[in-house]
2 protein chains.
Amino acid sequence: MKKVTYASCHITGGFWANMQKLIRETSMHAVYNRFDETGRIGAFRCDWKEGMDNKPHYYWDSDVAKWMESVAYIIRKYPNQELEEAVETLIDQIEKNQGADGYFNIYFTVVMPEKRFSNRDWHELYCAGHLIEAAVAWYETTGRDRFLHMMCRYADYIEKVFIIDGSAGYVTPGHEEIELALVKLYDVTGEKRYIKMVQFFLDHRGYNEKNEGDSINIQAHKPVREQYTAEGHAVRAMYLACAMADVALRMGDKNLKFACEKMFENIINQRMYITGGIGSSAVGEAFTVDYDLPNITAYTETCAAIGLALFAQRMMLLDMNGVYGDVIEKVLYNGFLSGISLDGKAFFYENPLEIPPAEQKAPGVRYPITKRLEVFRCSCCPPNITRFVSSVGDFLYTVDEKGIYCHQFMESVYEGENFTLMMKTDYPHSGKVRFDYRGQPTTLFVRVPGWCDGFQGEIKNGYASFALQGDDRVDVEFPIKPVCMEASPALGVDCGRYAVMRGPVVYCLEECDNGKYVRDIALYESAGFTEIDEKDFYVPVLKTKGYRRANRAALYVPKDHYPYEEVDITLIPYHAFANRTEGEMLVWVQVK
Amino acid sequence: MKKVTYASCHITGGFWANMQKLIRETSMHAVYNRFDETGRIGAFRCDWKEGMDNKPHYYWDSDVAKWMESVAYIIRKYPNQELEEAVETLIDQIEKNQGADGYFNIYFTVVMPEKRFSNRDWHELYCAGHLIEAAVAWYETTGRDRFLHMMCRYADYIEKVFIIDGSAGYVTPGHEEIELALVKLYDVTGEKRYIKMVQFFLDHRGYNEKNEGDSINIQAHKPVREQYTAEGHAVRAMYLACAMADVALRMGDKNLKFACEKMFENIINQRMYITGGIGSSAVGEAFTVDYDLPNITAYTETCAAIGLALFAQRMMLLDMNGVYGDVIEKVLYNGFLSGISLDGKAFFYENPLEIPPAEQKAPGVRYPITKRLEVFRCSCCPPNITRFVSSVGDFLYTVDEKGIYCHQFMESVYEGENFTLMMKTDYPHSGKVRFDYRGQPTTLFVRVPGWCDGFQGEIKNGYASFALQGDDRVDVEFPIKPVCMEASPALGVDCGRYAVMRGPVVYCLEECDNGKYVRDIALYESAGFTEIDEKDFYVPVLKTKGYRRANRAALYVPKDHYPYEEVDITLIPYHAFANRTEGEMLVWVQVK
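Residues numbered from 1 in each chain as written. Chains lettered and ligands numbered in written order. Predicted model: local features only at pLDDT ≥ 70, side-chain atom pairs only at ≥ 80, totals over all residues.

Broken down by element type, chain A carries 14 helices and 21 strands. Taking 25 Å as the expected radius of gyration for a compact globule of 592 residues, we find that chain A reaches 24 Å, a close match to that expectation. In terms of principal-axis extent, the alpha carbons of chain A reach across some 75 × 65 × 45 Å. Sequence separation of at least 24 residues holds for 68% of the intrachain contacts in chain A that already meet a minimum separation of 6. (Helix = DSSP H or I, 4+ residues; strand = E, 2+ residues; numbered from the N terminus. Rg over C-alpha atoms; globule rule 2.2 N^0.38 Å. Contact = placed C-beta atoms within 7 Å.)

Pasting the structure below:
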C-alpha cells in the first residue's frame, strides 16, 4: 500500500478548501506576526545575548520550522512571494549560523552552548526533527535542495554524536520527533543511514537509560516493541508511534507492527474522547489510565489530536481497515478542528468537552482556558495546525496493485501517474460523494464511515468497492442524520448523558444559544432535530425541543419530580465552540 | 424551645440500642487500646522527653478527651468500673500536670513549652475545648466536680491570657471548638464570663487578624455575622456554626441567627451530599464552591457529618422546622454512620460515594482509602463517633410551652419532669412509631420526614400534631418504600444517575454482590424492589432486576445500542459499604 500525498491530491472545494484558504490568507500571517513579536523569528539571527529581551526558548526552532513547512505545502498550488521569501530568509539565517559540524539550534547556540546534547528533556533533537521535516517539504515543493543539504549535514552530525561516537549525554530523545523526520529524510534521499538512525533511536528506547524526569512520560519505561498501551505525554507517544509504524512498514518489522496495533486499539477502545482528543491529563500533558476521560478538565492537546491522525494514517498503510480512516475523520472534524477559531487567528492548546459555569469552578482544580489565544508561551499547536490543514491532501487516498482507496471525502482532484480522479462532495454537510475517473480500468475502494448506518452495498474491512471501467463515474451516499451517542459505562463521567453527532461531526450546546446553566437542559429524544444552515458553519445547526429543570434550589428530589419548562435547544458543531462569547459548553447532555 | 438531652432520654431498643451496645462493648475498648498503643493515653503522664518514642502531637488531648466524654454518656445507664476508672486515672494525671495558672496541654507542656498560645493553627484551644466538654459531661453523669473545677480554672486562665491581658499570640483560634465548649460550661455553671468569652471569640473572628495559613479555611475571612456561606475546613465551620447558633439562642443575637440560617441553607441547597456528607475536598478538608460534589474523591469527613448534625440540632432550637430534623436523620443513617465498621472496630475518616475499579484510579489524583482503619495519625473521628452515638439521645426531643416535639425515631423512654413518654419503633426498618404517654394533657408534635410521601394528616413546618389527653397512645406511620432520587443537574457528576433511598437510608451497589464494574449496571425502574431481611443489616437488603452492558470494548455507540444481559442486582445500605471485602461501590446508578 502506498500513500498518496498532498503533492498529487489538490483540495478544490468544500469544507477543506475553505479551511485551507483561511489558513493561507489569515492564520499563516497571524502566526508569523505573533512569532515575530515574541522574538521567535528574529532568534534565527542567533545574535541574542544575556540581558536582551525575548530570550530564546529551547523549542523555538520547532515552532518556526512548522510554519516554514506549512509554507511549502501552501505555495505548491498557491504561489506567494511574501511567504516564500520569509522562508528563504530563515533558511539564509540557518545556513549562516549552522556550525561547521552541521549543528543548528538557536537555544544551544546563544543561551547554553556548553550544554549541547546533554539533556534528553531539552527538545534539541525535537527541534532538529522539525527543521528536517521543513527541509524535506521545501525540497519537494520548490525543487531547491539547499535547505535539504543543510539538514542532511545536521543529520550526519547527529549520527556521529549519538551513534558513531556515542558522545551525547543521552541515547534517545525525551521528545520524539527526530525519528519520523529521519524517515522522511530517508524517503526523499534514499540514504539508508537515515532509516538506520531511526532504528537506533527506537531500539535503544526503554533500555535502562539514565532518565532525567519521568520515564513513562517520555515512553522510556519499556522497549518500544513491548509498549502495548499509549502512555505518557500524548504528543510524544503519537510521534513515537508514527516512527514505529514507519519503520514497521519500510523494514517489515512485525514486532513493531504488533505493538503499533495494540497501542492503537488501546487508544480507541479505552483512551480517546468522542472528539478524537487524547491525553486527558494536564499533568505531563499525558495519557493516564483506561477510561479516565474527564470532560471539564480534558487536556486533549491539539497537537496530540494531530499526532493521532498522523499515526492512524501510517497504520492504514500497514493494515487496510476502515477504523483508521474513521479515527482520522473524527480528529479532523472535532478534536483537532476545535484548536483553531473560525476567524483563523486564535488557537486552543487544550480542547475540553465541557465548560462549567465560571462560579462553579472549584479551587485547586486546573481548568482549561475558555477563549482561544493568538500565541502561547509554548506555541507548538498553531503552526502544527497550519501545516496539518495545508497538507490535508495527504489523508485522502492510498493505492496498491488492486486499486485506489479513498479514505476521506473532500472535494479534490487527484492526479495519478496515468489517471485523474475527481471527487465532488459537500461532505460533511451531506453524505453524497461523486467520483469522476479518467484512466485505465481499476477498482475504487471507498471507506464507509463507521458512523454510517444504512449504507447500500457490501462492505469489507470498512470499504465498499466499485469497478472502474476506464472513464467512469461513481456516486456514493452515506445517509447523514443526527444521532445520540452513548458512552461506555466505564466512562463514569458520561454515564446517563449522550453526545449528539451528525455524521462525523460532534455537536455541543453553548450558553450563548441556550442560556445559563446548560447542564439543566435535557433533550427530548422524540422531538427530533431540525437542520438549519447558518452562515457561520459549513454544517447545519441543529434545533430541537427539550426541557430545562427550572429549580436549582433543591439538591435531591425523587426521580422526575423536578419542575421543568419546555425550551428550544440549539446545538452547534463542537469544533466551533467558544467562537462567539465565552461561556458554558456541553457535549454530553441528558436525553429524556 | 428547650433541648431534651441524653440524660433524660434513654435508648431502649432498635437500631440505636444496637449501635450503643456496639460502641459500649467494642468500639470504646478498641479506640482506647489503639490510643494506648500509639502513646496517646500515656502522654497524659506528661513525662515524654526528646528521644523517646511516641512523640505527642498537638491534637492528642482532644482525641482522648472525646473518649472520656463518651464514657460519661455510657456509664449513666450502663455502669462500667473499668471505663470509669480509666477516666478517673486520666483526670488524676491532668490534675497532677495542670499548671498553677490552670493551663493544661500535653504537647505544649512536654514538646514546646515556650510556644504556648503562640500559633492559632496549633489546636491548643481546640484541645482545651474538648477537655471542657468532657469535664461537663463527667460532672453531669457522676455529680463529681473535680474535673469540672479543673477546667473552670483552665477557662479562667484562657480568659486572662486572651481577653484580660491580651497576651496570646493570636486573638481567635484556628480550629474552633473552645466556643461551643464554653457554652456548655456556661450552661452548667451559670457563670456569665464563659458566654462572654464565646462572644469575644465570635466577635473578633475575621477582623484583620494576623493569620497564619489560609484565612478562609479557618473561617477568618469575614466577621461571623457576615458569613452566609459555609467555607473552609468543614469541621471547623460546623463547630463555629454551633457556637454562633448557641449564642444566638442564649443572647437573642438576631444577626448571628440570620447568618446561621443563611449558612445552613447554603449547605443543604448547594454543598451537601445525599448522604449528609459535607466538605467535598481533601485540600484543606474543606467546602469548595456550590455544586462541587464529586463522588469518587468526596472527602466528607466523618467529623464534619457529626458537626452538621450538631449545628442542625442547635438550629432546631432557634427555628422549629422539620428541615433540621431531616438533615440530622440523613447524617445519622448515612454520612456519619459509614464512618464506623459493622464490627465496631474500624473507622473511615473519609466517606466517598463511589469507589471505582482499582485499575481505573488515575495517577496524580488523591483517592480515599477503601478499607476502614483502627486508628489514624489524625484520629479525631473514632472518639467523635463513640461520643456521638453514646449521646444520640440528645437528638430525639425538644420541649416548649406548647408541648413535646419528637424529631428522631428511636425506641426509647423519655422521663420528663412530670411525665413519661415511651417510643416504640423499629425505624428505619419500618416507618411505624408508637408513642405511649403518661402525664398531664399536652400536645405531641411529630416530625414527618421530608422523604415521606403519603403521610395521612396535616403537616405544619414539617410536623404533625397530636393532642395528648393525659395518659394516651399515638400511632404514626410513615410509608417506607424504595425510591429513586435524582440530583440537581447542577451536580453534573450525578447527571443521568439516580440514588436509591428507602426512608432515610441511602443504598449502594457493591462489587461483592454485583460483580466487577458496577458502573456497567443500570436498574430497570419498572422491575421494582424486593426487600429481604439479612442478618448483617437492620434494614432490608434491596433486590431488583436490571441490566449490565456486556461490552466494554466500544467506547461510543448509538444510544441504547450496547449489548446487555439481564442481571439480578443487590443494594445494601450505603453506611455498610466496605464491610465485607474491598472493591467497587456506587451510590449514583443508572436507571432505565
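Time to look at the environment of cysteine 484 of chain B. Considering the arrangement of structural elements, one finds cysteine 484 of chain B in strand β12 (residues 482-487). In the structure, cysteine 484 of chain B is positioned 373 residues away from valine 111 of chain B in sequence and 54 Å away in space, judged by C-alpha atoms. The residues touching cysteine 484 of chain B, leaving out its near neighbours within four places in the chain, are Pro558 and Lys559 of chain A together with Tyr498, Val500, Glu525 and Val591 of chain B.

Looking at the assigned domains, one finds that chain A contains domain 1 (38-213), domain 2 (399-477) and domain 3 (482-591). Computed from C-alpha atoms alone, the centre-to-centre distance between domain 1 of chain A and domain 2 of chain A is 38 Å. (Domains from an automatic or database assignment.)

If you look at the interface, chain A gives 46 residues, while chain B gives 46 residues. Of all the secondary-structure elements, those providing two or more residues to the side of chain A that touches chain B are β12 (482-487), β18 (556-558) and β21 (588-591) of chain A. The element that contributes the greatest number of residues to the side of chain A that touches chain B is β12 of chain A, accounting for five residues.

With that out of the way, let us pick up the relation of the copies chain A and chain B. Once chain A is rotated about the relating axis by 180 degrees and shifted along it by 0.1 Å, it coincides with chain B to within an RMSD of 0.0 Å. Considering both components of the superposition, the chain copies are consistent with a two-fold axis. Proximity to the rotation axis, assessed at the C-alpha, singles out glycine 496 of chain A in chain A; its C-alpha lies 2.0 Å from the axis. An overlap of 100% is found between the interface residues of chain A and their copies at the interface of chain B, pointing to a shared contact surface. (Least-squares fit on C-alpha atoms with pLDDT ≥ 70 in both.)

Right, let's get into the confidence of the model for chain A. Mean pLDDT over chain A: 95, with 99% of residues reaching 70 or higher. Scored by ipTM, the complex comes to 0.92, with pTM at 0.93. (pLDDT = per-residue confidence, 0-100.)

Residue and element names in this part refer to chain A. Taken in spatial order, the five strands of this open sheet run β2-β6-β7-β8-β11, and their pairing is antiparallel. The sheet terminates laterally at β2 (9-11) and β11 (472-477), the two strands that pair on one side only. Going from strand to strand, the sheet's axes swing by 15 degrees on average, the running direction of each strand aside. Direction of pairing for β2 relative to strand β6 (residues 412-415): antiparallel, over a ladder of three bridges. Paired with cysteine 9 across the bridge in β6 is tyrosine 414. (Pairing = 2+ DSSP bridges. Axes fitted to C-alpha atoms, helices over the stretch in contact; angles between N-to-C directions.)

All names here are of chain B. Across its 17 residues, helix α3 (residues 81-97) extends 24 Å between first and last C-alpha, which sits within 8% of the 24 Å expected from 1.5 Å per residue. All of the buried residues in α3 are Leu83, Val87, Leu90, Ile91 and Ile94. Taken around the axis of α3, the buried residues stretch over an arc of 100 degrees, which confines them to a single face. Turned more than 90 degrees from where α3 packs its buried face, Gln81, Glu82, Glu85, Thr89 and Lys96 sit exposed. Buried-residue contacts for α3 involve α1 (14-37), α2 (60-75), α5 (124-142) and α6 (146-164). (Expected span 1.5 Å × (residues − 1). Buried ≥ 20, exposed ≤ 12 C-beta atoms within 10 Å, placed from the backbone. Arc of directions from axis to C-beta.)

Right, let's talk about the pairing of β6 of chain A for a bit. Successive side chains on a regular strand alternate, one facing one side of the sheet and the next facing the other. Residue and element names in this part refer to chain A. Side chains Ser412 and Tyr414 project from β6 onto a buried face, and the interleaved Val413 and Glu415 project onto a face without burial. Pairing of β6 with strand β7 (residues 420-425), which is carried by four bridges, proceeds in the antiparallel orientation. Note on β7: the bridge partner recorded for valine 413 is methionine 422. Between β6 and β7, which pair antiparallel and follow one another directly, the connecting turn spans four residues.

All names here are of chain A. Look at the link from tyrosine 427 to proline 428: it is a cis peptide, with omega at 5 degrees. For proline 428, the position within the fold is in the loop between β7 and β8 (432-438). Even without glycine at this site, alanine 578 takes up a positive phi of about 60 degrees. With 23 C-beta atoms packed within 10 Å, alanine 578 lands in the buried category.

Attention now moves to α1 of chain B. Counting along an α-helix, one turn takes 3.6 residues, and residues three or four places apart therefore face a common direction. Taking 1.5 Å of rise per residue, the 24 residues of α1 of chain B would be expected to cover 34 Å, and the 34 Å separating its terminal C-alpha atoms lies within 8% of that figure. Maximal helix bending in α1 of chain B amounts to about 40 degrees, located at isoleucine 23 of chain B. (Bend = angle between axes of the 7 residues up to and from the residue.)

This part takes up the environment of glutamate 510 of chain A. All names here are of chain A. Within the element layout of this structure, glutamate 510 appears in strand β14 (residues 505-510). On the basis of neighbour count, glutamate 510 is assigned to the buried category, with 24 C-beta atoms found within 10 Å. For the pair glutamate 510 and glycine 13, spaced 497 residues apart in sequence, the C-alpha separation works out to 29 Å. Other than its neighbours up to four places away in sequence, glutamate 510 contacts Ile572, Phe577, Gly583 and Met585.

Before going further, it helps to spend a moment on the sheet that holds strand β6 (residues 412-415) of chain B. Residues and elements named next belong to chain B. Here we have five strands laid out as an open sheet, ordered β2-β6-β7-β8-β11, and antiparallel in their pairing. Every interior strand has two partners, whereas the edge strands, β2 (9-11) and β11 (472-477), have only one. Within this sheet the neighbouring strands show an average axis-to-axis angle of 15 degrees, counted without direction.

Below, the discussion takes up the packing of helix α8 (residues 192-204) of chain B against helix α9 (residues 234-251) of chain B. All names here are of chain B. Orientation of α8 relative to α9, taken along the N-to-C sense of each, is 125 degrees, at an axis distance of 11 Å. Judged by the angle between their axes, α8 and α9 are oblique. Seen from above, α8 lies across α9 with left-handed handedness. Residues Ile195, Val198, Gln199 and Leu202 of α8 form the contact with α9, whose own contacting residues are Ala243, Met244, Val247 and Arg250. Taken together, the residues of the contact of α8 with α9 sort by class into six nonpolar, one polar and one charged. (Parallel < 35°, antiparallel > 145°, perpendicular 65-115°, else oblique. Left-handed = near helix turned anticlockwise from the far one by under 90°. Nonpolar A, V, L, I, M, F, W, Y, C, P; charged D, E, K, R; others polar.)

Residues and elements named next belong to chain A. For the pair helix α10 (residues 254-271) and helix α11 (residues 302-318), the least separation of the axes is 11 Å and the interaxial angle reads 130 degrees. Judged on the interaxial angle alone, α11 and α10 are oblique. α11 is crossed by α10, and the crossing has left-handed handedness. Mapping the contact onto sequence places Lys257, Cys260, Phe264 and Ile267 in α10 and Leu308, Phe311, Met315 and Leu318 in α11. Residue composition of the contact of α10 with α11, by class: seven nonpolar, no polar and one charged.

Moving on to the environment of histidine 123 of chain A. Residues and elements named next belong to chain A. Note on placement: histidine 123 falls in the loop between α4 (106-110) and α5 (124-142). Between the C-alpha atom of histidine 123 and that of leucine 396, which follows or precedes it by 273 residues, the distance is 32 Å. When neighbours within four sequence positions are excluded, histidine 123 is seen to be in contact with Tyr58, Tyr59, Ser62 and His175.

Take the pairing of strand β19 (residues 564-573) of chain A next. All names here are of chain A. Direction of pairing for β14 relative to β19: antiparallel, over a ladder of three bridges. Bridging from a neighbouring strand, tyrosine 507 pairs with proline 573 of β19. The sheet contact formed by strand β17 (residues 541-549) and β19 spans eight bridges and is antiparallel. Paired with lysine 543 across the two strands is threonine 570, which belongs to β19.

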